[in-house]
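# Breakdown of the fold
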Amino acid sequence: MALRTSLLGVLAFGFLCFICLPTEAALKKYQFDVKVSNVSRLCHAKQMVTVNGGFPGPTIYAREGDRVQINVTNYAQYNLSIHWHGLKQYRNGWADGPAYITQCPIQTGNSYVYDFNVTGQRGTLWWHAHILWLRATVYGAIVIMPQQGTPFPFPQPDREEVLVLGEWWNADVEQVEKQGNALGLPPNMSDAHTINGKPGPLFPCSEKHTFAMEVEKGKTYLLRIINAALNDELFFALANHTFTVVEIDAVYTKPFTTDAILIAPGQTTNVLVRANQLPGRYFMAARAFMDAPISVDNKTATAIFQYKGIPETVIPKLPTLPAQNDSDFALSYNSKLKSINTPKYPANVPLNVDRHLLLTVGLGINPCPTCLNGTRLTASLNNISFIMPQTALLQSHYFNIKGVYTPDFPDKPPTPFNFTGAPLTANLRTNVGTRISKIAFNSTVEIVIQDTNLLSVESHPFHLHGYNFFVVGTGIGNFDPKKDPAKYNLIDPIERNTVGVPTGGWTAIRFRADNPGVWFFHCHLELHTGWGLKTAFLVENGPGLDHSILPPPKDLPSC
């Protein structure tokens, strides 16, 4: 009996040791064939660039701690690169993907292997082309599961579904952009929004182009929602049901309940929804948010949340979405987003700041001899409209190639004025150039992004590559450096990689510059990025090889 007890104890101890051991990281391999495919929507058939023929492209699945290798082969007529949006790529900017920032694009007929580790991240992210307007059709989801045996910090759902919100143009998207540039005007807006590539039955020829998910009464579903649209912030809701927000940009949040969410281009949001209504068919719907006098695609995309056993002849019910210009909802919704801030998932907010930057967003009109009307719209940060280089910034930095950029981007605007006062039409001496900021390794940085009323105020979603940051403050009007920091949330601010700057307002973010490399910082409205609303941060190497940029891969594309 004593021997048996001892043996059981040894077995029990061995089992406990087994379950305590970390699971071995897996290698996940994917093949992405970028090619032109025939796609039909809204009674229009056209050829467009896709990955593996899909619209959206394939979802990447991995676990925290895995290594991922994605071989991208370019069969399309455009040179392109792919960005893995939200992945930090520690010391490994070679795998980040923005063309002419961290790499030269993959030329037609060539391949490049993106090789990276998923370290300290779990949740929903996404990937997309990062050149021209190709991300209008070249995009897909990234789902990172927690390490084996690690539960979600919220109730386990019965099932998950990925919902990627996007846009559809009847015309060729690249031609739409070229036409706008030739005229010096904004290009034509999209013809429809889409949910998983489908606009839904409110559009012509779209009965078969409607995404539907079947649900069972009493079960809970995790919706992984991504806004892949080029130019529109979107409201999203489900008729007769509420959402519990549990994660944004692959960071867990303090859960809260809402009838609708607001999601800007580049952002992701995970919500729980319980199928607790009368069994039927209910529309999920997405429509643009715009609280400035600017035209947007205001048509509503729909998908169907369909209870099991309900015939398809039942007409779905539409949700009530916030009004297109509902600023109050937008501000209230964003104020509810807070980090979960637990011992396992702490909010390590920098409390002391080494470097303060104030970046003003400006829209303007510059002379354009080649444009039909002699001028073109331009966009700037601190009165500098960024010009893309012909050699990738990271390569030029790593190999010490001179003449590609200057590290003299100003920390504040050269001309202070009443940023959000009466509308101004002056350019305030807007300059053009490839100017970036150099930041010391491991320094703490605060960036205040200030909207301005040059031509018009407008909301801008800004994305920082290579990092998450904490959104410590936001407000309407001009940022006051004496009064506003006293109102910062330094306890549980939301952590994310893409943040919306409110129309006629400001947003303050903080991060620790512990990831050496050259990292893009830009508005995620593709329209504004193309006009120059972007810059980059050169984060210097730290002490030793462990805090320095990794050597580049042998198959790095050349310009």
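In this text, all values refer to a predicted model and were calculated from it rather than measured experimentally. (Residues numbered from 1 in each chain as written. Predicted model: local features only at pLDDT ≥ 70, side-chain atom pairs only at ≥ 80, totals over all residues. Heavy atoms only, no water.)

Pairing within the open sheet is mixed, and its five strands lie in the order β24-β32-β31-β26-β29. Both edges of this open sheet fall to β24 (437-439) and β29 (498-501), since each of them pairs with a single strand only. Averaged over all pairs of adjacent strands, the angle between their axes in this sheet comes to 20 degrees, without regard to strand direction. Taken together, the four bridges between strand β26 (residues 460-464) and β29 define a ladder with antiparallel strand orientation. Looking across to β29, one finds that F462 is bridged to V499. (Pairing = 2+ DSSP bridges. Helix = DSSP H or I, 4+ residues; strand = E, 2+ residues; numbered from the N terminus. Axes fitted to C-alpha atoms, helices over the stretch in contact; angles between N-to-C directions.)

A few words on the environment of N478. With respect to the helices and strands, N478 occurs in the loop between β27 (469-476) and β28 (494-496). Take N478: its relative accessible area is 31%, and that puts it in the partly exposed class. Along the primary structure N478 and T119 are separated by 359 residues, whereas in three dimensions their C-alpha atoms are 38 Å apart. N478 has contacts with N418, F419, T420, Q450, D484 and W506, leaving out every residue within four places of it along the chain. A distance of 2.8 Å separates the side chain of N478 from the side chain of N418, its partner in a polar contact. (Buried < 20%, exposed > 50% of the residue type's maximum accessible area, 1.4 Å probe, protein only. Contact = heavy atoms within 4.5 Å. Polar contact = N/O pair within 3.5 Å; in protein donor to acceptor, adjacent residues only side chain to side chain.)

This paragraph deals with the nonpolar core. Core analysis: the largest hydrophobic core is formed by 83 residues, its most contacted members being F236 and F305. Ranked by residue count, the leading element in this core is strand β18 (residues 281-289), at six residues. Counting 46 residues, the second largest nonpolar core, distinct from the first, contains V72, A99, I144 and L394. (Core = buried A, V, L, I, M, F, W, Y, C linked by side-chain atoms within 4.5 Å.)

Here the structure, examined in full by the defined rule, presents three disulfides. Between C43 and C205 runs a disulfide, and the two sulfur atoms are separated by 1.9 Å. Every disulfide takes its handedness from the sign of the S-S torsion; for C43 and C205 that torsion is 95 degrees, giving right-handed. One end of the pair, C43, is in the loop between β1 (27-41) and β2 (44-51); the other, C205, is in the loop between β10 (192-195) and β11 (212-215), with 162 residues separating them in the sequence. Once the bonded cysteines of the protein chain are numbered in order along the sequence, the disulfide links fall as 1-3, 2-6, 4-5. (Disulfide = S-S within 2.5 Å.)

Within this numbering scheme, the UniProt entry marks residues 34-148, 161-309 and 408-541 as carrying the feature "domain: Plastocyanin-like" (unreviewed entry). The distance from the first to the last C-alpha atom of residues 34-148 is 32 Å, and the span holds 0% helix and 46% strand. What you have in residues 161-309 is 7% helix and 48% strand, and the ends, taken at the C-alpha atoms, are 19 Å apart. (UniProt positions renumbered as here; feature names shortened; annotations may be inferred.)

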